[in-house]
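Below are the chains, spelled out letter by letter.
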Amino acid sequence: MAAASATVALLDRKLLFVTGKGGVGKTTVAAALASLAADRGKKTLVCEVDAKGNLADFYETGPTRFEEREIAPRLWAMSMDTEASLRQYLALQLKLPIVSRVGPLAKMFDFVASAAPGVKEIVTVGKLCWEVRESHYDIVIVDAAASGHIVSQLAAPQAINELVQVGLVRQQTGWMLDILGNPAQTGLVIVAIPAEMPVSETLELRDRVASETNVDLAAVVVNRVLPELFSRGEEDIFDRLDQPGNAELIDSALGGPARPLLDAARLTVTMRRSRTEHLERLRGAVDGKVPMLYVPYLFFRSHGLRATRQVAESLSAELGY
Amino acid sequence: MADRVGSIDSLLASKEIAIACGSGGVGKTTTAAAAAAMAAVHHGGKVLVVTVDPAKRLASALGLTGFGNVEKRVPAQAFSHAGVQPRGELWAAMLDTKQSWDALVRRHAPDARTRDRILENPLYQNISGKFVQSHDYIAMERLYEIHSEGRFDLIVVDTPPTRNAVDFIEAPQRMAEFFSSRLLRLLIVPYRSRVINLASRPFYQIADRILGSQFLADIAEFFILFQTMYPGFVARARAVERLVRDNRTTFMVVSTLEAAPVREAEFFIDVLSSKKLHLGALILNRVLPSYLLDEGANDRAGLLLAGADTLAADLAGGSGADPSQVARVLTEMGDNFQNFAVVAHREATQRNELAKVPEVVAAVPEFDDDIHDLAGLLRLGDAIWS
């Protein structure tokens, strides 16, 4: 699998699931990757799976729905709706016109989905795989479930395969497994930030994905990397500036206390240092096996289209475009 | 100590259950543990913190090798290492969804045979282990169980990482509704009586075609068995809901000041208010220091950028350092301040918006490093306490 990661360029795959611990910028990275793919001439579908649904904010566009909508040249967006997906699936695949007359399909679906874990997941994954199989898009990028739930999402076809012995659902899982398991087509992108818990979760997730699913880990994106403020020599100079005599000299030159400036620099140096430790742990475990992409901390815009564009630029540079 | 109004201190002194909620990655578990540790130290009594994830780091910070469904007491040495003499006891437990479900089935099953058939049913095993909503429900159920045993004075609970905040709060109600739903009966009937009326026939035909009749039969068997537990189950779910609404229960919304967690926190606050649940406190983690908001300092950062070369020459004179290197350090200092000032201002605006609603707002500074022991946990606790 490691070999595949190295040989198949990230955006040459057909289906990318982007996941990560809550709060690390999973949606930002998914939105940025999709923007980048579209900019590079690929017909791209970006799909948000989470019911929380704020992908639209990342493009400054109106709410996204189950029906795909072109929100920028070559860039199409949609939100997963499991019931709509099931309806579409029944109509297209099983040719079951009767469905519309059955009435409370939503309730029945809710019931079945509650009774049989994996049904909601497979309807989600199935729709995405189907878009890939039918080649409607050059690439499908999924703002997928957070790291706690992604494994059950990706493993759903396998789980259903084992749970349901006969029936049409069973017949439908084989081709999904083929697409998910082909590293030339499908890849998982884990987003992390240089902090203890997100790094630990990334490493645990990597192991779980390898043992419980057949999906290839395509890349690890490290988001919000603080720039290095001082080189080693400069840090020595800074330490000397932060001495009584020098600090007062700066005070008088600036006509007021330089303390906040010195404290802010100290804070950045400390934050950067503790983050570097976590980054090194991640790098030690992943680097060389899976491509790592770095996205700098954004000071000026933390969200919205501008932030998406900036992250896309960073990823573009990291991917060597 | 006279004036205790509007602090986490007074909040926890007056409540029996505190539920920490908020988006993932904001330090919810750590905050819950810190609040519980502070209550054990200052208020006394028996305080329990319940986490929903295997928080290995927290366990070792508490001086435990790990904790599970059964509560474990934090050893006295952990406190003495931290240099404090607690008035009470701190206990910790982790919610094990599977074990809690099994316990629930054992309690409500009418007889041993039904109990075993449920526990062995493949669908039950799937649901109890993986079904996300069941996680929400069982967290509340376990909380109820611990509370009703009356062994603790205060229980601080960390909530599961739900996709939707409402799922967690509404879980007991939805579980009760689910078991009393008409649809459930509709689906189970044919497997009981074999008589299918004409109107519902298409429904079964489709269900059969999609899922296969064997699987459908499995589902039905599972729910028929489960229905035997229905009265106990529904009564229990209602009791759990009452406890959540009880005035001895409070919610603490935890967030950072980044855009996404703030949106989640706002949503949570709205939900609590619309459901008339008690919002006790808003706890903001990783707040940047207030000196970054100092306008004078920001101006001086600008002066530093403009006059870095001149100042560097003066400063370098005495030390023998390379003036151009000193100038670079000064420029970085000015730049760095202005960069973080932008972030601090953005976050201050978010904070003002959020702080309008709750009575208690506590801000925790961005700490240099992660928490590795009880002393670190108490340091965080001190920041939110009074």
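See the structure above.
Computed from a prediction, not measured in an experiment: that's the story for all the values here. (Residues numbered from 1 in each chain as written. Chains lettered and ligands numbered in written order. Predicted model: local features only at pLDDT ≥ 70, side-chain atom pairs only at ≥ 80, totals over all residues. Heavy atoms only, no water.)

Engineer: Teacher, can you tell me more about the overall build of chain A here?
Structural biologist: Broken down by element type, chain A carries 14 helices and 8 strands. Taken over 321 residues, chain A has a buried fraction of 57%. Accessible surface, chain A as shown: approximately 12,700 Å² in total, 51% of it carbon and sulfur. (Helix = DSSP H or I, 4+ residues; strand = E, 2+ residues; numbered from the N terminus. Buried < 20%, exposed > 50% of the residue type's maximum accessible area, 1.4 Å probe, protein only. Areas by Shrake-Rupley, 256 points an atom, 1.4 Å probe, with all protein chains shown as cover.)

Engineer: What exactly am I supposed to notice about the sheet that holds strand β7 (residues 217–225) of chain A here?
Structural biologist: Strands belonging to one sheet form pairs held by backbone hydrogen bonds; the direction of such a pair is parallel or antiparallel. Residues and elements named next belong to chain A. The strand order across the open sheet formed by 8 strands is β3-β4-β2-β5-β1-β6-β7-β8, and the pairing between neighbours is mixed. At either end of the open sheet lies a strand with only one pairing partner, and these are β3 (69–72) and β8 (292–296). Taken pair by pair, the neighbouring strands of this sheet meet at an average axis angle of 25 degrees, ignoring direction. As paired elements, strand β6 (residues 186–192) and β7 share 5 bridges and run parallel to each other. Considered in β7, the bridge of V191 is made with V221. Along the sheet, helix α13 (residues 259–286) makes contact with β6, β7 and β8, crossing β7 at roughly 175 degrees. (Pairing = 2+ DSSP bridges. Axes fitted to C-alpha atoms, helices over the stretch in contact; angles between N-to-C directions. Contact = heavy atoms within 4.5 Å.)

Engineer: Would you explain the side chain of K28(B) in this entry?
Structural biologist: Residues and elements named next belong to chain B. Inspection of the secondary structure assignment puts K28 in helix α2 (residues 28–42). Here K28 is buried and forms no salt bridge, its nearest opposite-charge partner D158 lying at an N-O distance of 4.7 Å. Ignoring sequence-local partners within four residues, the contact set of K28 consists of A20, C21, G22, S23, D158, T159, P160 and V254. (Lys, Arg positive; Asp, Glu negative; His and termini not counted. Salt bridge = Lys/Arg side-chain N within 4 Å of Asp/Glu carboxyl O.)

Engineer: Please explain the pairing of strand β7 (residues 279–287) of chain B as it appears in this structure.
Structural biologist: Consecutive side chains along a regular strand alternate between the two faces of the sheet. Residues and elements named next belong to chain B. Among the 9 residues that make up β7, 8 are buried, leaving the element largely enclosed by the rest of the structure. Sheet topology places strand β6 (residues 249–255) next to β7; 5 bridges connect them, and they run parallel. Residue pairing in the sheet places F251 in a bridge with L279 of β7. Regarding the hand of the β-α-β motif, the stretch spanning β6, helix α14 (residues 259–274) and β7 is right-handed. Bridge count between β7 and strand β8 (residues 360–365): 5 bridges; the pairing is parallel. Bridge pairing in β8 links L284 to A363. (Right-handed = clockwise from strand over helix to strand, strands pointing away.)

Engineer: Would you mind showing me how to read the sheet that holds strand β1 (residues 17–21) of chain B here?
Structural biologist: All names here are of chain B. An order of β3-β4-β2-β5-β1-β6-β7-β8 is seen for the 8 strands of this open sheet, with the pairing classed as mixed. Each of the sheet's edge strands pairs with one partner strand only, and the pair in question is β3 (72–73) and β8. Those strands touched by helix α17 (residues 323–354) are β7 and β8, and its axis lies near 175 degrees from that of β7.

Engineer: Which parts of the structure should I look at to understand the layout of surface pockets?
Structural biologist: Vacant regions in the atomic arrangement are exposed by a probe of water-molecule size rolled over the atoms. Residue and element names in this part refer to chain A. For the second largest pocket, the calculated volume is near 270 Å³. As for the second largest pocket, its lining consists of E228, L229, F230, S231, R232, E235, V269, R272, R273 and T276. Contributing elements (two or more residues each) for the lining of the second largest pocket: α11 (232–241) and α13. In terms of residue count, α13 provides more of the lining of the second largest pocket than any other element does, 4 residues in total. Among the residues making up the lining of the second largest pocket, the classes are represented as 3 nonpolar, 2 polar and 5 charged. (1 Å grid on protein atoms, 1.4 Å probe; cavity = no way out; pocket = protein on both sides within 12 Å on 5 of 7 lines; lining within 4 Å. Points joined across faces, edges and corners; volume = space filled by probe spheres on them. Nonpolar A, V, L, I, M, F, W, Y, C, P; charged D, E, K, R; others polar.)

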